[in-house]
Structure formats: C-alpha cells, structure tokens
Amino acid sequence: MEKKRPHIITLPKITDPRGNLTFVEEGKHLPFGIARVYWTYDVPAGEVRGSHSHHVAEELIIATSGSFNVNLFDGCKTETYTLNRPFEGLYVPPGYWRTLDNFSSGSVCMVLTSIPYSEDDYVRYYDEFIRLATQTE
Ligand code: TYD
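Residues numbered from 1 in each chain as written. Predicted model: local features only at pLDDT ≥ 70, side-chain atom pairs only at ≥ 80, totals over all residues. Heavy atoms only, no water.

As a further point, take the nonpolar core. In this structure, Ile61, Phe68 and Val70 are the most contacted members of the largest nonpolar core, which totals 15 residues. Mapped by element, the contributors of at least two residues to this core are β6 (59–65), β7 (68–73), β8 (78–83), β9 (88–92) and β11 (108–113). Per element, the largest residue contribution to this core is three residues, and it comes from β7. When near neighbours in sequence (up to four residues on either side) are disregarded, isoleucine 61 contacts Phe68, Val70, Leu83, Glu88, Gly89, Leu90, Val92, Leu100, Cys109, Met110 and Val111. Counting eight residues, the second-largest nonpolar core is a separate cluster that includes Ile9, Leu11, Phe32 and Leu112. (Core = buried A, V, L, I, M, F, W, Y, C linked by side-chain atoms within 4.5 Å. Buried < 20%, exposed > 50% of the residue type's maximum accessible area, 1.4 Å probe, protein only. Helix = DSSP H or I, 4+ residues; strand = E, 2+ residues; numbered from the N terminus. Contact = heavy atoms within 4.5 Å.)

A few words on the site of the ligand. Lining the immediate surroundings of the ligand are Arg36, Tyr38, Arg49, Gly50, His52, Tyr117, Tyr122 and Arg124. A distance of 2.8 Å is found between an oxygen atom of the ligand and a side-chain nitrogen or oxygen belonging to arginine 49. The backbone of glycine 50 places a nitrogen or oxygen atom 2.9 Å from an oxygen atom of the ligand. Elements with a contribution of two residues or more to the shell around the ligand: β4 (36–40) and β5 (49–54). For the shell around the ligand, a count of residues per class yields three nonpolar, two polar and three charged. (Near = heavy atom within 4 Å. Polar contact = N/O pair within 3.5 Å; in protein donor to acceptor, adjacent residues only side chain to side chain. Nonpolar A, V, L, I, M, F, W, Y, C, P; charged D, E, K, R; others polar.)

Read across the open sheet, the five strands follow the order β8-β7-β10-β5-β12; overall the sheet is antiparallel. With one partner strand each, in any of the chains shown, β8 and β12 (122–123) form the two edges of the open sheet. Both β5 and strand β10 (residues 97–101) contribute to a ladder of three bridges, which runs antiparallel. When the sheet's bridge partners are listed, arginine 49 is paired in β10 with leucine 100. (Pairing = 2+ DSSP bridges.)

Strand order across the open sheet formed by five strands is β1-β9-β6-β11-β4, with antiparallel pairing between neighbours. Edge positions in the sheet fall to β1 (7–10) and β4, since each has one partner strand and no second. Across the sheet, the mean angle separating the axes of adjacent strands is 25° when strand polarity is ignored. In terms of strand pairing, β4 meets β11 through five bridges, oriented antiparallel. Within the sheet, the bridge partner assigned to valine 37 lies in β11 and is leucine 112. (Axes fitted to C-alpha atoms, helices over the stretch in contact; angles between N-to-C directions.)

There is a patch of nonpolar side chains on the surface, built from Ile14, Leu21 and Phe23 and spanning about 260 Å² of accessible area. For isoleucine 14, the position within the fold is in strand β2 (residues 13–14). Residue isoleucine 14 is classed as partly exposed on the basis of its relative accessible area of 42%. (Patch = residues over 30% accessible without salt bridge, like charges linked within 9 Å, V, L, I, M, F, W, Y side chains within 5 Å. Areas by Shrake-Rupley, 256 points an atom, 1.4 Å probe, with all protein chains shown as cover. Salt bridge = Lys/Arg side-chain N within 4 Å of Asp/Glu carboxyl O.)

Structure, rendered in structure tokens:
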C-alpha cells in the first residue's frame, strides 16, 4: 500500500462582503473520519507545541487565526509548512514527528483527528520515534 504523505488540503471558501466562511465535511474533504477536534490558543511567544508522533491518528491542522509553523520529520528529512490561511489545512498521516512553533500573537491551531484521545497512540520519546521510523524503512 502506498505510504500516506503530508499535504495541504484546500477547503471550500465562501467569500462574502459580510465575512468569509469555510467548512469541512467528513467523507468529502478529508481522507479520514473526524472523531475529535481540539485547538490550542494563547500560546506564548517562542513556545513550541507538539513534539510527538502518532501510531494511528491522522490529523488535519488548520490555522483558524494567525500563523504558525508545522515541522514534520519522517525519520530522514524535515519539511516545514507555514499555516496562515483559515481555508487551508495540513494533512498529517501517522508516523511523522511534529513540532509546532513560531506562533503569532492570538493564533489558534485547530486540529481535526481521526481517533478519540488515547495516550497509547502517542510516541512521545524521540528515541522511540527514531527506532520505529528506522524499523519501517
Ligand atoms: P499535548 O499532547 O502535550 O499537546 P500538544 O501536542 O498539542 O502540544 O497535550 C497536552 C495535554 O492535553 C496532555 O495532558 C494530554 C491532554 N489532551 C487531552 O486530554 N485530550 C486531547 O484531545 C489532547 C490533544 C490532549
């Protein structure tokens, strides 16, 4: 089976002089079903979030306000995505070590996730991530 790769998903955008509107529908705009939504906000300047990988969870990360960087490491190389458009999301498959940094003041990071919260799905130790990434290559 072909390995799933990170990519930007452009969501529908209804432009309107009253303000724009974006939406996302399961089965239409995403390669996974939505089991959970969480968001981080009030992130202090210079702070780093994330620093983990997932065994199974697929995610779509959206900067619903402001901007931040998502750095994705597959065990070989890192790709950095700057998110700053509320109608774009970064699809992140399992198996990528992610750090989020460079948060602008007032930014909101919303994440749509394919599974309910489970600590068992997290790889929180970098050494373990490297071991797993090397195994599957
Ligand atoms: P953490 O994974 O450190 O956040 P991030 O990766 O976005 O920087 O999560 C912080 C805490 O919140 C941790 O104790 C787990 C808890 N948490 C939940 O209870 N439910 C959730 O859906 C998420 C994402 C985290």
